[in-house]
Amino acid sequence: MDIVRTAIGLMSGTSMDGIDVALLRTDGRGFIERGPFLGIAYDGGFRERLKRALDLARPLTDRAARPDELRQIEIELTQRHADAVTAFLEKFGLRSGDVDVLGFHGQTVLHRPDDGLTIQIGDGALLAERSGIPVVYDMRANDMAHGGQGAPLVPAYHAALAGRFQKDGQRVCFVNIGGISNLTYIGAEGRIAAFDSGPGNTLIDQWVEMQTGKTYDPGGEIAGRGQVVAEIAARYLGSPFFQGNIRRSLDRGDFKPLADGEASLEDGARTLAHVAAASIVKSASYLPERPSVFIVCGGGRLNGTIMAEFADMAGKNGSRVMSAEEAGFDGDAMEAEAWAYLAVRSLEGLPLTYPGTTGVSQPVSGGVLVEPAK
Ligand SMILES: Nc1ncnc2c1ncn2[C@@H]1O[C@H](COP(=O)(O)OP(=O)(O)OP(=O)(O)O)[C@@H](O)[C@H]1O
Ligand SMILES: CC(=O)N[C@H]1[C@@H]2OC[C@@H](O2)[C@@H](O)[C@@H]1O[C@H](C)C(=O)O
């Protein structure tokens, strides 16, 4: 019988808005029991530290290199994850001994798939020491070493969740609208295709922060008061990323922020919400079949303007759009749950990625296990 483990997944995504913590009981295969979730927001000061980490990482060519200041930020990030685990255990009445493994994503500071380079900061050994729990981390590297894009990795988890839709004969596509958006298509016969689909919230967050000091557009309400500026939308949607059937994974910095003065606050937010929705639809046209349903997770599902535009465009193609919650999932917890699931798969030596998800040459496992000292 397959071993069912209790795993906690820890995700600090490209939006750099905080740490998502989710518990899962799973065998890393078809058994999945979702547990509680906790989101812990970063304060403004630490977000600035993470932005600095992106600048410090830009010139790096060695994924193990940690210039002094970057190493300091890595230690702080790791300590924040250890504190997040402690807060999670306390909140839900658990002890560290109740948890078999932590799946630790860390923070992506540089992602250059064309150069075979992906760098996540986050010290797995330090987290194991501080938490007293075994840690699986660095889950993207082995995929890249085998010719994969190193992202997205969540599709293996989406595929495991899709079972009940497949039984209904549905062609399901999970859409994650995070800082960057990505898609996972699972056909009725279990065929899986996944890739990054374009800019998500990052451009919107950067624009709203520059114009107002707020870090995002709550509910998409600012965008709701604006109009799409056609030339700006065309500039983003005309990117070579959307041309041709060769999908590649994205770095947070791949799409340039909108410059001050290019639009009013509202029109800029509306245009970027339109770009977020239209890029999903454009990229989805490269899927093997038209999905019958899109299930949307990630913070972008809370932006009403993105969702209204996306539902409208997908509806014209005959596809239905629903939020993760409407489908019975938790759209905030999905990526952290996935990292818990992938950690258990890593312990079992099961594949994390497939030719259809990252373009890797063959299905490969990945991740590095560190046990705390006894
Ligand atoms: N209530 C809300 N209204 C509108 N947008 C929101 C809301 N809450 C969160 N968001 C957006 O969602 C973003 C966070 O999304 P999420 O946590 O899914 O991203 P991430 O995991 O950091 O990114 P990625 O999936 O690219 O790694 C925020 O930066 C913000 O733009
Ligand atoms: C290199 C990296 O961290 N990529 C992230 C990013 O954020 C969304 C998208 O781009 C996705 O490819 C990936 O994260 C998710 C969790 C993934 O690997 O599935």
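Residues numbered from 1 in each chain as written. Chains lettered and ligands numbered in written order. Predicted model: local features only at pLDDT ≥ 70, side-chain atom pairs only at ≥ 80, totals over all residues. Heavy atoms only, no water.

Let's shift gears to the overall build of the protein chain. A tally of regular secondary structure across the protein chain gives 13 helices and 13 strands. Over its C-alpha atoms the protein chain spans a radius of gyration of 20 Å, differing by no more than 12% from the 21 Å that the globule rule assigns to 374 residues. Structurally, the protein chain occupies a C-alpha span of about 60 × 50 × 40 Å along its principal axes. When each of the 374 residues of the protein chain is scored for burial, the buried share is 55%. Put simply, of all contacts in the protein chain between residues at least 6 apart along the chain, 70% involve residues at least 24 apart. In the structure as shown, the protein chain presents an accessible area of about 14,700 Å², 50% of it carried by carbon and sulfur atoms. Taking the average place of the 37 positive charges on the side chains of the protein chain and the average place of its 48 negative ones, the gap between the two points comes to 3 Å. (Helix = DSSP H or I, 4+ residues; strand = E, 2+ residues; numbered from the N terminus. Rg over C-alpha atoms; globule rule 2.2 N^0.38 Å. Buried < 20%, exposed > 50% of the residue type's maximum accessible area, 1.4 Å probe, protein only. Contact = heavy atoms within 4.5 Å. Areas by Shrake-Rupley, 256 points an atom, 1.4 Å probe, with all protein chains shown as cover. Lys, Arg positive; Asp, Glu negative; His and termini not counted. Charge placed at Lys NZ, Arg CZ, Asp CG, Glu CD.)

Structurally, Gly-315 can be placed in helix 11 (residues 304-316). When its relative accessible area of 40% is taken as the criterion, Gly-315 is described as partly exposed. Sequence separation between Gly-315 and Ala-278 is 37 residues, and the spatial gap between their C-alpha atoms is 13 Å.

This paragraph deals with the sheet that holds strand 12 (residues 320-323). One open sheet accounts for five strands, arranged 10-9-8-11-12; its pairing is mixed. Strands with a single pairing partner mark the edges of an open sheet, and in this sheet they are strand 10 (192-199) and strand 12. Sheet twist, expressed as the average angle between the axes of neighbouring strands with direction ignored, equals 20 degrees. (Pairing = 2+ DSSP bridges. Axes fitted to C-alpha atoms, helices over the stretch in contact; angles between N-to-C directions.)

Before going further, it helps to examine helix 12 (residues 334-348). In this model helix 12 runs 21 Å from its N-terminal to its C-terminal C-alpha over 15 residues, within 8% of the 21 Å that 1.5 Å per residue would give. Looking at helix 12, one finds that the buried residues are Met-334, Ala-336, Glu-337, Ala-338, Trp-339, Ala-340, Tyr-341, Leu-342, Ala-343, Val-344, Arg-345 and Ser-346. Positive backbone phi, approximately 70 degrees, marks Gly-349, located one or two places after helix 12. (Expected span 1.5 Å × (residues − 1).)

A word on the packing of helix 9 (residues 230-237) against helix 10 (residues 265-284). In the contact formed by helix 9 and helix 10, the axes pass within 10 Å of each other and the chain directions differ by 40 degrees. Put simply, helix 9 runs oblique to helix 10. Helix 9 and helix 10 meet at a crossing whose hand is right-handed. The residues of helix 10 that touch helix 9, namely those facing Ile-232, Ala-233, Tyr-236 and Leu-237, are Thr-271, Leu-272, His-274, Val-275, Ala-278, Ser-279 and Lys-282. (Parallel < 35°, antiparallel > 145°, perpendicular 65-115°, else oblique. Left-handed = near helix turned anticlockwise from the far one by under 90°.)

As a further point, take the pattern of salt bridges. A full pass over the atoms with the stated rule returns 27 salt bridges. One salt bridge connects Arg-66 with Glu-74, and the closest N-O pair in it is separated by 3.1 Å. What makes Arg-66 partly exposed here is its relative accessible area of 22%. Note that Arg-225 is salt-bridged to Glu-266, the shortest N-O span being 3.2 Å. Here Glu-266 lies in helix 10 and Arg-225 lies in the loop between helix 8 (221-224) and helix 9, a separation of 41 residues in the sequence. With a relative accessible area of 22%, Glu-266 lands in the partly exposed category. It is possible to trace a salt-bridge network through shared partners that takes in Asp-2, Arg-5, Arg-29 and Glu-348. (Salt bridge = Lys/Arg side-chain N within 4 Å of Asp/Glu carboxyl O.)

Attention now goes to the site of ligand 2. Taken together, 15 residues surround ligand 2, and among them Thr-108, Arg-140, Leu-153, Val-154 and Asp-196 come closest. Thr-108 has a polar side-chain atom sitting 2.6 Å from an oxygen atom of ligand 2. Interatomic distance of 2.6 Å between a side-chain N/O atom of Asp-196 and an oxygen atom of ligand 2. Its free accessible area being 430 Å², ligand 2 has 97% of it covered by the protein chains. Breaking the shell around ligand 2 down by element, the ones donating at least two residues are strand 5 (107-112), strand 9 (180-186) and helix 12. Residues from two domains meet in the shell around ligand 2; each of domain 1 (5-149 + 334-349 + 356-370) and domain 2 (155-323) gives at least three. (Near = heavy atom within 4 Å. Polar contact = N/O pair within 3.5 Å; in protein donor to acceptor, adjacent residues only side chain to side chain. Domains from an automatic or database assignment.)

All right, on to the domain arrangement of the protein chain then. Segmenting the protein chain into domains produces domain 1 (5-149 + 334-349 + 356-370) and domain 2 (155-323). Centre-to-centre separation of domain 1 and domain 2, based on C-alpha positions: 23 Å. Every contact between the two is made by 24 residues of domain 1 and, on the other side, 26 residues of domain 2. Both faces combined, the contact of domain 1 with domain 2 buries some 1,900 Å², and carbon together with sulfur accounts for 55% of it. The three residues of domain 1 that bury the most area against domain 2 are Thr-14, Met-334 and Thr-357, which together make up 30% of that side's buried surface. (Buried area = accessible area lost by both parts, 1.4 Å probe.)

Turning to the environment of Ala-233, a few remarks are in order. Position of Ala-233 relative to the elements: it lies in helix 9. In this structure Ala-233 comes out as buried when scored by relative accessible area, which is 5%.

Our next topic: the site of ligand 1. Taken together, 21 residues form the shell around ligand 1, and within it Thr-14, Asp-205, Gly-219, Gly-299 and Glu-335 come nearest. Asp-205 places a polar side-chain atom, nitrogen or oxygen, 2.5 Å from an oxygen atom of ligand 1. A distance of 2.8 Å separates an oxygen atom of ligand 1 from a polar atom in the backbone of Gly-299. Relative to its unbound accessible surface of 650 Å², ligand 1 loses 85% to contact with the protein. Residues of the shell around ligand 1, tallied by class, amount to five nonpolar, twelve polar and four charged. (Nonpolar A, V, L, I, M, F, W, Y, C, P; charged D, E, K, R; others polar.)

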